[in-house]
Amino acid sequence: LGDSEGEFERGPGRGLVEDAMAAATMLVGRQEIDARRIIFLGLGDGGLVGAQVMAGESSYAGAILGSSATATRIFPDLAQGRLHSVLAMHYGWTDLETAFHANQSTNRWEAWLVEGRDEIEFARRRVRIDAMQDWANIDLPTALAAARGPILLLHGEEDRWTPVAGAQALAEQLKSQGKTQITLQVFPGLGDSLSTRDAPGVLAPPVQEAILAWLKA
């Protein structure tokens, strides 16, 4: 323990963005790769990383972001919505049980951030909460509005984890700002994985077709 050369203070969220940018820089340096055609592909939290990457000085020509678009704050708004609308239903919690779990998780986490804590004590150990702060700092509408290339947003109509209404509201917001490089495509019958029950973990054929069409446009 203690021999890692990584930067402990960097924070997991910021670290993923920096790693993604470094990956693009590495690809640009390879002779067999056309630097004009490097596309970022991210689903879920990976999509949030991609939005931040595209808002910065990266070598990506564009990005495909799935099941991540929302007009609300990632934390605490989206996290609280997931607890009340998804987890409570899945586990069959009563209103009292839901309130208890909220107080033990999202409400407590938000309080820590408001207090400006960098770390907490848990199980007699000091635990940093950088990741929580990183997600709380994400401003997805601003990041996508600042994107330096075209972006395709993919969303399943049956996505309960990141509801499609939030993606549609975000797309309308960006459209009203004249951000025509952002395209949203919604897929009926698909959830957050953008795959079918017959082939879990594999993008459904309509999703693959949409991606190919966008890449060729």
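What counts as what
- Residues numbered from 1 in each chain as written.
- Predicted model: local features only at pLDDT ≥ 70, side-chain atom pairs only at ≥ 80, totals over all residues.
- Heavy atoms only, no water.
- Helix = DSSP H or I, 4+ residues; strand = E, 2+ residues; numbered from the N terminus.
- Rg over C-alpha atoms; globule rule 2.2 N^0.38 Å.
- Buried < 20%, exposed > 50% of the residue type's maximum accessible area, 1.4 Å probe, protein only.
- Contact = heavy atoms within 4.5 Å.
- Areas by Shrake-Rupley, 256 points an atom, 1.4 Å probe, with all protein chains shown as cover.
- Pairing = 2+ DSSP bridges.
- Axes fitted to C-alpha atoms, helices over the stretch in contact; angles between N-to-C directions.
- Salt bridge = Lys/Arg side-chain N within 4 Å of Asp/Glu carboxyl O.
- Right-handed = clockwise from strand over helix to strand, strands pointing away.
- Patch = residues over 30% accessible without salt bridge, like charges linked within 9 Å, V, L, I, M, F, W, Y side chains within 5 Å.
- Parallel < 35°, antiparallel > 145°, perpendicular 65-115°, else oblique.
- Nonpolar A, V, L, I, M, F, W, Y, C, P; charged D, E, K, R; others polar.

Participant: So what exactly am I meant to see when it comes to the overall build of the protein here?
Facilitator: From N to C terminus, the protein includes 9 helices and 6 strands. Computed over its C-alpha atoms, the radius of gyration of the protein comes to 19 Å, within 12% of the 17 Å expected for a compact globule of 217 residues. C-alpha atoms of the protein, sized along the principal axes, occupy 50 × 45 × 40 Å. Counting only residues that meet the buried cut, the protein has 37% of its 217 residues in that class. Intrachain contacts of the protein at a sequence separation of at least 6 include 65% that bridge at least 24 residues. When the accessible surface of the protein is summed, it comes to about 13,000 Å², and 52% of that surface belongs to carbon and sulfur atoms.

Participant: Where do I start with the sheet that holds strand β5 (residues 151–156) in this structure?
Facilitator: In a beta sheet, neighbouring strands are held together by backbone hydrogen bonds and run either parallel or antiparallel to one another. Pairing within the open sheet is parallel, and its 4 strands lie in the order β1-β2-β5-β6. The open sheet has two free edges, formed respectively by β1 (39–43) and β6 (182–187), since each of these has just one partner strand. Across the sheet, the mean angle separating the axes of adjacent strands is 15 degrees when strand polarity is ignored. Bridge analysis of β1 against strand β2 (residues 62–66) gives 5 bridges, and the strand direction is parallel. In the strand pairing of β2, F40 is matched with A63. Taken strand by strand, helix α8 (residues 164–176) contacts β5 and β6, and its axis lies near 155 degrees from that of β6. With respect to the sheet, helix α9 (residues 205–216) is in contact with β1, β2, β5 and β6, its orientation differing from that of β5 by roughly 170 degrees.

Participant: Teacher, can you tell me more about the pattern of salt bridges here?
Facilitator: Close approach of charged atoms lets side chains of opposite charge pair. Evaluation of the coordinates by the stated rule reveals 10 salt bridges. For R14, the salt bridge is made with D134, and the minimal N-O distance between the two is 2.5 Å. With R14 in helix α1 (residues 12–28) and D134 in helix α6 (residues 130–137), this pair connects stretches of sequence that are 120 residues apart. Here R14 falls in the partly exposed class, since its relative accessible area comes to 35%. For D134, a relative accessible area of 7% translates into the label buried. Taking the shortest distance from any N to any O, the salt bridge between R126 and E119 comes out at 2.7 Å. On the accessibility criterion, R126 (64% relative accessible area) is exposed. The class for E119 is partly exposed, based on a relative accessible area of 27%. In the salt-bridge network here, residues are joined through shared partners; they are E119, R126, R128 and D130.

Participant: How do you make sense of the pairing of β2 when you look at a structure like this?
Facilitator: Working note: regular strand, side chains alternate between the two faces of the sheet. Most of β2 is tucked away, with 5 of its 5 residues classed as buried. The β-α-β motif built from β1, the intervening helix α2 (residues 45–55) and the parallel element β2 has right-handed crossover chirality. The pairing of β2 with β5 spans 4 bridges and is parallel. Of the residues in β5, the one forming a bridge with A63 is I151.

Participant: How should I be thinking about the pairing of β6 in this particular structure?
Facilitator: In this structure, β5 lies alongside β6, joined through 6 bridges in parallel fashion. Within the sheet, the bridge partner assigned to H155 lies in β6 and is V186. Crossover β5 to β6 through α8 is right-handed.

Participant: I would appreciate a short explanation of a nonpolar patch on the surface in the present structure.
Facilitator: A grouping of I39, L212 and L215 is seen on the molecular surface, where their side chains present a nonpolar patch of about 240 Å² in accessible area. Positionally, L212 belongs in helix α9.

Participant: I keep staring at the packing of helix α5 (residues 106–114) against α6 and nothing clicks. Help me out?
Facilitator: The geometry of α5 relative to α6 is characterised by a closest axis approach of 11 Å and an angle of 85 degrees between their N-to-C directions. Compared by their axis directions, α5 and α6 come out roughly perpendicular. For the pair formed by α5 and α6, the contact residues are W109, W112 and L113 on the first element and M132, Q133 and A136 on the second. Of the residues assigned to the contact of α5 with α6, the class counts are 5 nonpolar, 1 polar and no charged.

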